[in-house]
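Structural characterization, general
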Amino acid sequence: MSLRTVFESQPERRYIMFGGKGGLGKTTLSATSAFWLASHGKRVLLFSVDPQASLSDIFQRDIFGKGPVPIMQNLWAQEVDADRRIKDYQEEIRKKILDMYGFDRVPEEIDNYISAASAEPAMEESAIFDAVVDIIVQGDYDYYIYDLVPLGHALYYLSMAKVYDEWINKITKLRQDMRQYDQVAATMRREETLEEDKILEELMYIKQRINASSQILTDRRRTAFFFVLVPEEMIILDTRKAAELFSKFDVPISGYVVNRVLPPDLGAGKIPDYLRNRIAMQQRYMKDLQSSFGSQILAYVPEMERDITGLPMIERLARRLFQEETTA
Amino acid sequence: MADEQKRKKGGIFGVFKDIVYGMSSHEMTRHAVRSRASMEHLFILITMGDLLGIPILPPYYSLRLLPYVTPQIAGWKRRMLRERDITDVLG
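What you see is a predicted model; the values in this text were computed from it and never measured.

What to know about the interface of chain A and chain B
Many structure descriptions define interface size as the accessible area lost when the parts assemble. If you look at the interface, chain A gives 33 residues, while chain B gives 29 residues. The greatest single-element share of the side of chain A that touches chain B, amounting to 12 residues, is contributed by helix H7 (residues 151-188) of chain A. Taken together, the residues of the side of chain A that touches chain B break down into 22 nonpolar, one polar and 10 charged.

Here is the structure:
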């Protein structure tokens, strides 16, 4: 099985994620896959969930905080501006308080709380999580490709849906219990109508959004998660550990892509010791990879002669990755 | 005012109903309302604990609930922070 056959044989897998340690080529492979799918007539949105997104860098265009930006026919890319989203969200909350109670200004204590919330360490990730829910629930594209954050953070991001889900279930249950007490009191007082619980409605709205996101992240039919790694010991060990952790969160792991493979013909002839050792090391770890992951390895991506930035380079890599990917 | 008019409308029957309610259900209603108020405070604690320095989950989604509990925050904080003694338990 190759990366190409995964895409071709399972077209219903519309949510594509590339995960791995930092700097191994997640953005490169996300952009290359997005390019290949778009050039085959699929409408693709590639978006970043990384606060330090690098889609602007790979496409050599400033797309930060500009919504879905067209890159080429059928391909759009998006980087979420989490700071602006948080500021807009805080303003929305303030405005709601003013509208609901007819205040001239938000009470100081409440305003301070809203302002302080933006300093919470996880606020940025939460805002991006929420922005991604907005992106995916619209369903305008054939493919959604997530350019994920490095492993530890990605796990945090993926687990966020689960944690939020449990949190929201607990407080919704509490709210429902409170509703029962309201009903008991209303019945005893022989009141016919019971005021609607707006908080419960709001909780149901949040729950529905989180569920939509969490279902996608764990849906084997619609989602494919690929690990990107390179033939080096620490990366292989970390990826193995991460794969176990990701499985615990029911993330549907669809295969592994080995990046930065040195071309085998590089070893021919007289070469410096440094290079010979690097090639020997890679070959050793390639065997290790084969025995660990076997047929789950979907592609070997060659180390290119220069970095992958700009559409012409992405196109070159896409040709190698999707048509000559078994070069190793 | 509206309650008064309503009572007058009900006449002797209304008064009788109120007496029966007071004798039979008032205490239970009070208990339900008090339990409901305690749960409301628990709810605010779980969602807005940061206001008292109690760390909660990332407050992103809690903020969505803030407008609905804004009028209760002052009362909630008073209740949470007031000193308690043995009579609270006995009461």
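Here the narrative resumes, following the displayed structure.
Observations concerning the pairing of strand S7 (residues 253-261) of chain A
On a regular strand, one side chain projects to one face of the sheet and the next to the other, so that they alternate. Residues and elements named next belong to chain A. As paired strands, strand S6 (residues 223-229) and S7 are joined by five bridges and run parallel to one another. Looking across to S7, one finds that leucine 229 is bridged to valine 258. Taken together, S6, helix H9 (residues 233-248) and S7 form a β-α-β motif whose crossover is right-handed. Bridge analysis of S7 against strand S8 (residues 297-302) gives four bridges, and the strand direction is parallel.

A closer look at the packing of H9(A) against helix H10 (residues 273-293) of chain A
Residue and element names in this part refer to chain A. Remark: H9 packs on H10, axes separated minimally by 10 Å, with the N-to-C direction vectors making an angle of 15°. With respect to H10, the element H9 is oriented roughly parallel. Once H9 is placed against H10, the crossing between them reads as right-handed. Residues Glu233, Ile236 and Arg240 of H9 pack against Tyr285, Asp288, Leu289 and Ser292 of H10. Looking at the contact of H9 with H10 residue by residue, the class counts come to three nonpolar, one polar and three charged.

Re the domain arrangement of chain A
As far as domains go, chain A holds domain 1 (3-83 + 123-156 + 222-323) and domain 2 (163-210). Placing the centre of domain 1 of chain A and that of domain 2 of chain A at their C-alpha centroids yields a distance of 42 Å.

Re the environment of A:Ile58
Residues and elements named next belong to chain A. In this structure, isoleucine 58 sits in helix H3 (residues 55-59). Through-space distance from the C-alpha of isoleucine 58 to that of threonine 5 is 25 Å; in sequence the pair is 53 residues apart. Discounting chain neighbours no more than four positions away, the residues touching isoleucine 58 are Thr27, Thr28, Ala31, Ile308 and Thr309.

Points about the confidence of the model for chain B
Residue and element names in this part refer to chain B. Residue-level pLDDT values for chain B average 78, and 82% of them are 70 or greater. Looking across chain B, the model is least confident in helix H5 (residues 86-90), with a mean pLDDT of 68, and most confident in helix H3 (residues 60-69), with 89. Interface scoring of the predicted complex returns ipTM 0.77; its pTM is 0.81.

Considerations on the sheet that holds S8(A)
Residues and elements named next belong to chain A. Read across the open sheet, the eight strands follow the order S3-S4-S2-S5-S1-S6-S7-S8; overall the sheet is mixed. Looking along the sheet, the strands with just one partner apiece sit at the ends: strand S3 (69-72) and S8. Pairwise comparison of adjacent strand axes, ignoring direction, gives a mean angle of 25° for this sheet. Taken together, the five bridges between strand S1 (residues 15-19) and S6 define a ladder with parallel strand orientation. Residue pairing in the sheet places methionine 17 in a bridge with phenylalanine 225 of S6. Along the sheet, helix H2 (residues 26-39) contacts S1, strand S2 (44-48), S3, strand S4 (75-79), strand S5 (143-147), S6 and S7; its crossing angle with S5, the most-contacted strand, is approximately 165°.

Some points on the packing of helix H2 (residues 26-48) of chain B against helix H4 (residues 73-81) of chain B
All names here are of chain B. Orientation of H2 relative to H4, taken along the N-to-C sense of each, is 95°, at an axis distance of 10 Å. As far as their axial angle goes, H4 and H2 are roughly perpendicular. Seen from H2, the contacting residues are His41, Ile44 and Leu45; seen from H4, they are Trp76, Arg79 and Met80. Along the lines of polarity and charge, the residues of the contact of H2 with H4 split into four nonpolar, one polar and one charged.

Details of the environment of B:His41
Residue and element names in this part refer to chain B. Among the secondary structure elements, histidine 41 is positioned in helix H2. Through-space distance from the C-alpha of histidine 41 to that of glycine 14 is 35 Å; in sequence the pair is 27 residues apart. When residues no more than four places from it in sequence are discounted, the contact partners of histidine 41 are Trp76, Arg79 and Met80.

Looking at the environment of A:Met160
Residue and element names in this part refer to chain A. Mapped onto the elements, methionine 160 comes out in helix H7. C-beta crowding within 10 Å serves as the criterion here: with 22 such atoms nearby, methionine 160 is assigned to the buried category. Between the C-alpha atom of methionine 160 and that of valine 251, which follows or precedes it by 91 residues, the distance is 13 Å. Each residue touching methionine 160, except ones within four places of it in the same chain, is listed here: Glu125 and Phe129.

Some remarks on the nonpolar core
All names here are of chain A. With 102 residues, the main nonpolar core has Ala34, Val44, Leu46, Phe226, Val257 and Val258 as its most contacted residues. Among the elements that take part in this core, H7 stands out by supplying 10 residues, more than any other. Setting aside anything within four residues of it in sequence, one finds valine 44 in contact with Ala34, Leu37, Ala38, Asn74, Leu75, Tyr141, Asp142, Tyr143 and Ile145.

Here we look at the confidence of the model for chain A
For chain A, the mean per-residue pLDDT works out to 88, and 98% of the residues sit at or above 70. The lowest-confidence element of chain A is H7(A), averaging 82 in pLDDT; the highest-confidence one is S3(A), averaging 97.

How each quantity is defined
Residues numbered from 1 in each chain as written. Chains lettered and ligands numbered in written order. Predicted model: local features only at pLDDT ≥ 70, side-chain atom pairs only at ≥ 80, totals over all residues. Contact = placed C-beta atoms within 7 Å. Helix = DSSP H or I, 4+ residues; strand = E, 2+ residues; numbered from the N terminus. Nonpolar A, V, L, I, M, F, W, Y, C, P; charged D, E, K, R; others polar. Pairing = 2+ DSSP bridges. Right-handed = clockwise from strand over helix to strand, strands pointing away. Axes fitted to C-alpha atoms, helices over the stretch in contact; angles between N-to-C directions. Parallel < 35°, antiparallel > 145°, perpendicular 65-115°, else oblique. Left-handed = near helix turned anticlockwise from the far one by under 90°. Domains from an automatic or database assignment. pLDDT = per-residue confidence, 0-100. Buried ≥ 20, exposed ≤ 12 C-beta atoms within 10 Å, placed from the backbone. Core = buried A, V, L, I, M, F, W, Y, C linked by C-beta atoms within 7 Å.

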